[in-house]
Structure formats: structure tokens, C-alpha cells
Amino acid sequence: ASFRRKQKGEDQHYVTTILKGTKPWTGGISLCSVGIKDLDSILGGGQPVGTCLLLEEDRWTRDSSLSLVKYWCAEAVSHEQLLLIPSFQDNSCAALPTAALPCNETKTGRGRQGATSREINDLVDSLPRNLNWDKAAGKAVEDGEKAQPLEILEEIEEDDSEKGLQIAWQYRKTVQNERMGHKSKKESNLITSNVFCHSYDLNGRMREQNMNHDCIQIINGFERVLQEESSGFRFFQQIKRELENFREKSKGKLIRLLLYKAPIETTAAAMPFLLTYIRTHNLSVVVLVTIHAWTCRAEDALINLRRSSDVVMQTEGFASRIHYPPPAEFRHLHGILLLPKVSTVTAASSSGHFADMTVGKRPPAHVYGLKRDKRKLHITLLHIPPEDYADRGGSVGTGGVRSGAGIQQDTGAGCSRKEGDKLDF
């Protein structure tokens, strides 16, 4: 009963064209990579086109959240997609970082919101190095050096050396491959492989490679919009004009819109209009919003922004807690990633329903560990080791208790969230 023949006229709203850096998925949707394979697998394969990711940064430890933003932007440059980044403030507003403001000022909402052009340029300059480009360049040089002696020998041979040969095995191997339609290694290296998710080195810089700077567009002129009344709808109108303008220049490429350090109240009012416009006109646009939740003046605006977004991610570093270092089970990690909301499959399909979110499409967990090595950021499940390896011994046979088990401790303070965290020690 679950299998039936499709009727004529069904699924006509699905997009059949596959853009560069995207792949088709179930339900007629297309996915693009967020730049890190671990997060792609958690989201079910990637970020569906036409959806919005919300990233709430930690107040004191911004390394992990900033790495996620770098991955997302670097993937746009690697596929030569169009990356749009609006600038909300003048450079004169960047005298002090937001985290340096006193605690009483941030609670009253007087913390600075909106990224400046200088902060956006610093973000672009710090994009990680593309390791796939280095591997392809090294392989091309290596194959070129190996092919050089053979090319010299072929040039020395006369053109009529093939005359009189009747049997196939008498021909040179290059001639045989040419007759059979096989391409040489040199020609195959010139064809760029369609890599869905690239590999990056956070210690390296993409600016040292031959990156296309035309893919990144920093949009100015949003300072006046935020100062006007009903700034949310004004902000949507200006974003709409920019999307219409760059849609003609993008020549069918995917557009990535980054709202870096976005003002919460304005973005919460504009996001429903923006996502409705993108999905109604079937635009090839994906959105990433990063916010500082502790600077929000109204709690209702933050709740509305979370409801409008398709995925809500929250990063928290262990260094921001009072009780440091963390228990032995988590000392190989430097923070956690919370996923309070994931609804990309339902949002991407125009005929989606909340019942489409089956158990198989949901992520395996909503709390993950963040681990940073020398070059990469890893997102792993929180695996609890055997009890004998836990701090203060195991709970079976040794008479001890596991770390955090049966011990009443205070919750961590200093983070962007309130009491009752998802992971308390």
C-alpha cells in the first residue's frame, strides 16, 4: 500500500536542476554542505536549499562557533557560490568587543549588535585553507613531472612511425587509448572533481590560495535601516532587493546569505517574510544567522527567531564554567554543541507536514561534543567510558560513584544560557 504509481502532474514543484555544490535528496529537495562532514551527517546529509540555520554563540568562548561560520563561508568560496554578508554597523562602533562590556549593561540590552565591515573583512581573511585544492595541485604537478619524459619521446618520434602497422598490439599504448576513447591522466586531472564537502585546515588561510574574491560580496547601507521604525520589514525589503539584484549576476549559482552577529529584534521580525519569499519564488538561497543571545532586549524576539529558523544550534565552551576542568569523561573535549531544533526536511519540501519528521530523519542526539585538534574541528557523540575509567572510580565493585552521579553541584555560570543546562557536572 505504500507503493503506488505517480499520477500525472505530481511533483511538478520540485527543482530538477542541480546547482554546483549541491546534491539531490529525497522529496525533491537539494542539499548543500555546511563545510564540516560531521555536521552534515547530523543534519541528515547537509543544509536543504531554502532553509535557515541559527547559531547562538557562547559569550566567553567563541572559537568553536567562529569555526563553524568559517567552514560555512569557505564552502561557498570553494564551490564558487555567491556569499552575501550585510554590514550592520560602522567601523567606529567596534571600539570594544561585545564580550568586554560589563555584565549589567548586557543584561539591560545595551550590548552592541550587528557586525561591522572590519569584522566581516577579518572573517573573510581568516577563512581556512582548502586541503582539496592543495591535493589537486600537488597531484597535477606530480603527474606533470612523470609525463614529461614520455612527451619528449613522443615529440622525437616521427609522425609516420605508425605506417604499416596492421595489428593492434603493434601500436603505442597512447594510440590504443586514443582509438578506444580513453582519456590520459593529464586530461583527467584537468577535470575538476565534484566534491560535496571539502576538507579544510583552520591553521591555514584560504587567501594564500587562488581563491575567487568575486564570490564574496559585503553589502553596506543597513545602518540606516536599523535606526528606522518598523526596521524589521525595512530590513526584509532591502534584503529582497539585494537578492533580486545578485540573482541576475549569480548566473544560476547558489546564494549563501550570512547574517553575521545579526540584531535579534530586527532579524526576528524580518525572518518570516524572508523565508516565505525565498520558498514562494523557489530561490536557490540558504541562510545562516549568528547572534549573541545575551544582548537581546526582549526574550520574545529571541523565541520568535528560534521558531522561524529551521535549525537552532547553541555552542558552549567548558572554559566558561565555574567548575573547570570538566570531569574525566569530557576532558578530551573543549565544549558542547546543543541542537534544540532540527526541522530541515519539513521546511524544505513545500508540501511538508510535521508528521514527515520520522525518527529515522531526526539526529541521533541533541547534545554533541566539540573537539578541536591542530587543524580541524570535530563534532562527536558524548560517549561515556566504562565505569572503571570514570573519575573517582566506578559505581560497581569499587564503592565509588561516577563523576557527577549522586553529587549535588552548582550549575555552571558565565555562559549565555540560564540555569538548568543540558549538561551539568
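Up top is the structure these notes are about.
What comes next concerns the included structure. (Residues numbered from 1 in each chain as written. Predicted model: local features only at pLDDT ≥ 70, side-chain atom pairs only at ≥ 80, totals over all residues. Heavy atoms only, no water.)

This part covers the packing of aromatic side chains. For the structure shown, the criterion picks out eight aromatic pairs. Taking 6.0 Å as the distance between ring centres and 55° as the angle between the ring planes, the aromatic pair formed by tyrosine 71 and tyrosine 200 counts as tilted. Of this pair, tyrosine 71 sits in helix 2 (residues 63–78) while tyrosine 200 sits in strand 7 (residues 200–201), and the two are 129 residues apart along the sequence. The pair tyrosine 71 / tyrosine 200 is uniform in exposure class, with both members buried. Taken together, a centroid distance of 6.4 Å and an interplanar angle of 75° make the contact between phenylalanine 236 and tyrosine 277 edge-to-face. Of this pair, phenylalanine 236 sits in helix 9 (residues 231–250) while tyrosine 277 is found in helix 10 (residues 264–280), placing the two residues 41 residues apart along the sequence. (Phe/Tyr/Trp six-rings, centres within 6.5 Å; stacked < 30°, edge-to-face > 60°. Helix = DSSP H or I, 4+ residues; strand = E, 2+ residues; numbered from the N terminus. Buried < 20%, exposed > 50% of the residue type's maximum accessible area, 1.4 Å probe, protein only.)

In the case of a regular strand, side chains alternate between the two sheet surfaces. Of all five residues making up strand 4 (residues 52–56), five are buried, and the element is well covered by its neighbours. Burial along strand 4 is two-sided: the face carrying Cys52, Leu54 and Glu56 and the face carrying Leu53 and Leu55 are both buried. Relative to strand 10 (residues 285–291), strand 4 runs parallel, the two being bridged by five bridges. For glutamate 56, the partnering residue across the bridge sits in strand 10 and is isoleucine 291. (Pairing = 2+ DSSP bridges.)

Tracing the chain through its elements places serine 308 in helix 11 (residues 299–308). By relative accessible area, which is 18% here, serine 308 ends up buried. A distance of 3.0 Å separates a polar side-chain atom of serine 308 from the backbone oxygen of asparagine 304. Residues within four places of serine 308 in sequence aside, it is in contact with Met271, Pro272, Leu275 and Lys341. (Polar contact = N/O pair within 3.5 Å; in protein donor to acceptor, adjacent residues only side chain to side chain. Contact = heavy atoms within 4.5 Å.)

This paragraph deals with the sheet that holds strand 8 (residues 216–219). Spatially, the nine strands line up as an open sheet ordered 8-5-9-10-4-11-12-13-14, and their pairing is mixed. Two strands lie at the open edges of the sheet, namely strand 8 and strand 14 (377–381), each paired on one side alone. Put simply, the sheet's adjacent strands are angled 25° from each other on average, direction ignored. Docked against the sheet, helix 9 engages strand 5 (82–86), strand 8, strand 9 (255–259) and strand 10, running at close to 150° with respect to strand 9. (Axes fitted to C-alpha atoms, helices over the stretch in contact; angles between N-to-C directions.)

Keep in mind these numbers describe shape, not what the thing actually does.
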